[in-house]
Amino acid sequence: GKRVFFGDEDGSLRAFSTRDGHTVWSTPLAGAIKAGPAYRNGLLYVGDYGGEMSAVKARSGKIEWQAGSQGLSFSRSGAFYSTPAVAFGRVYSGNNDNRIYSFDAKTGELAWTQSTGGYVYPGPAVADTRQTPPSVYIGSYDGNIYALDAKTGAQRWTRDLGGPVIGSLSVIGKTVYIATFEGTTTYGFKLTNGERKFQFKTGAYMPVISDGRRIYLTGYSSIYALQPVKKEPKRGNP
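Rules and cut-offs
Residues numbered from 1 in each chain as written. Predicted model: local features only at pLDDT ≥ 70, side-chain atom pairs only at ≥ 80, totals over all residues. Heavy atoms only, no water. Helix = DSSP H or I, 4+ residues; strand = E, 2+ residues; numbered from the N terminus. Salt bridge = Lys/Arg side-chain N within 4 Å of Asp/Glu carboxyl O. Buried < 20%, exposed > 50% of the residue type's maximum accessible area, 1.4 Å probe, protein only. Pairing = 2+ DSSP bridges. Axes fitted to C-alpha atoms, helices over the stretch in contact; angles between N-to-C directions. Polar contact = N/O pair within 3.5 Å; in protein donor to acceptor, adjacent residues only side chain to side chain.

A. Examining unusual backbone geometry more closely. The phi dihedral of F88 falls on the positive side, at around 60 degrees, and the residue is not glycine. Within the element layout of this structure, F88 appears in the loop between β8 (85-87) and β9 (90-94). Here the phi dihedral of N98 falls at roughly 75 degrees; this positive angle occurs in a residue that is not glycine. Within the fold, N98 resides in the loop between β9 and β10 (99-104).

Below is the structure:
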């Protein structure tokens, strides 16, 4: 039957039946689970506050693999608060040790890490477009958003938003959107080079979403629906 999955503060990842709510399985991980799990091809990927990224079979709760984080210093593992993204054969996630991680989705082998200047709370957005290579877009508490090559972790571009980035990013069309925690403004940057193309007066933690016609964003106590404005053609001089 159908199931829902979530982790809890005691460090267990649980599966519940949507039919009657009974617990199908419960799997203990390395620490409190504050990140949402991601699902792909029968596996759940989730990080925990014990510093482990785990791949767990959705059907049985069996752990397929676990991979550790590097931590801020010797014997101090990092904590995963970031909800992972699964794409291009990899698992991508931020960590409270100021790093962004990429693991092989099948084996858990570490592919690369990229350092930032602060906690990486947000979940990453991933995209592969005609204008860009497969890329990871993610923010950091250091106030920057990072566009990284998904294969190597190399920086394609960064932009300083002037304050902590806590919420997740969204890629819609040719633009990546992010809302700032302080100043509560939503920005949009071109995927190709990070040029700012959009700015709106409100925003907070939540990513922008779209139904293909409009974009929708939230502030602390508001919801906005925005739609594209067609520019009037320039008229020649009479």
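Let us keep going from here.
B. Representation of the pattern of salt bridges. Following the criterion strictly, the structure yields 8 salt bridges and no others. The shortest N-O distance in the salt bridge between E195 and K190 comes to 3.9 Å. Given the relative accessible area of 28%, K190 is considered partly exposed. One connected set of salt bridges, linked through shared partners, spans D8, D10 and R14.

C. Highlighting the sheet that holds strand β6 (residues 52-57). Pairing in this open sheet of 4 strands is antiparallel, and the strands run β4-β5-β6-β7 from one edge to the other. Two strands lie at the open edges of the sheet, namely β4 (38-40) and β7 (63-68), each paired on one side alone. Pairs of neighbouring strands in the sheet enclose a mean axial angle of 20 degrees, with direction left out of account. As defined by bridge partners, strand β5 (residues 43-47) adjoins β6 across 5 bridges and the pair is classed as antiparallel. Residue L44 lies in a different strand from β6, and its bridge partner there is V56.

D. Quick peek at the side chain of Q114. Within the secondary structure layout, Q114 lies in strand β11 (residues 110-115). The buried category is assigned to Q114, whose relative accessible area is 16%. Within polar-contact distance, the side chain of Q114 engages the backbone oxygen of G153 at 2.8 Å.

E. Inspection of the pairing of β11 at higher detail. Of the pairings in the sheet, the one linking β10 to β11 comprises 5 bridges and is antiparallel in character. The partner of Y101 across the bridge, within β11, is T113. Linking two consecutive strands that pair antiparallel, namely β10 and β11, is a turn of 5 residues; a positive phi of about 85 degrees is found at G108 within it.

All we've got here are geometric facts, nothing functional implied.
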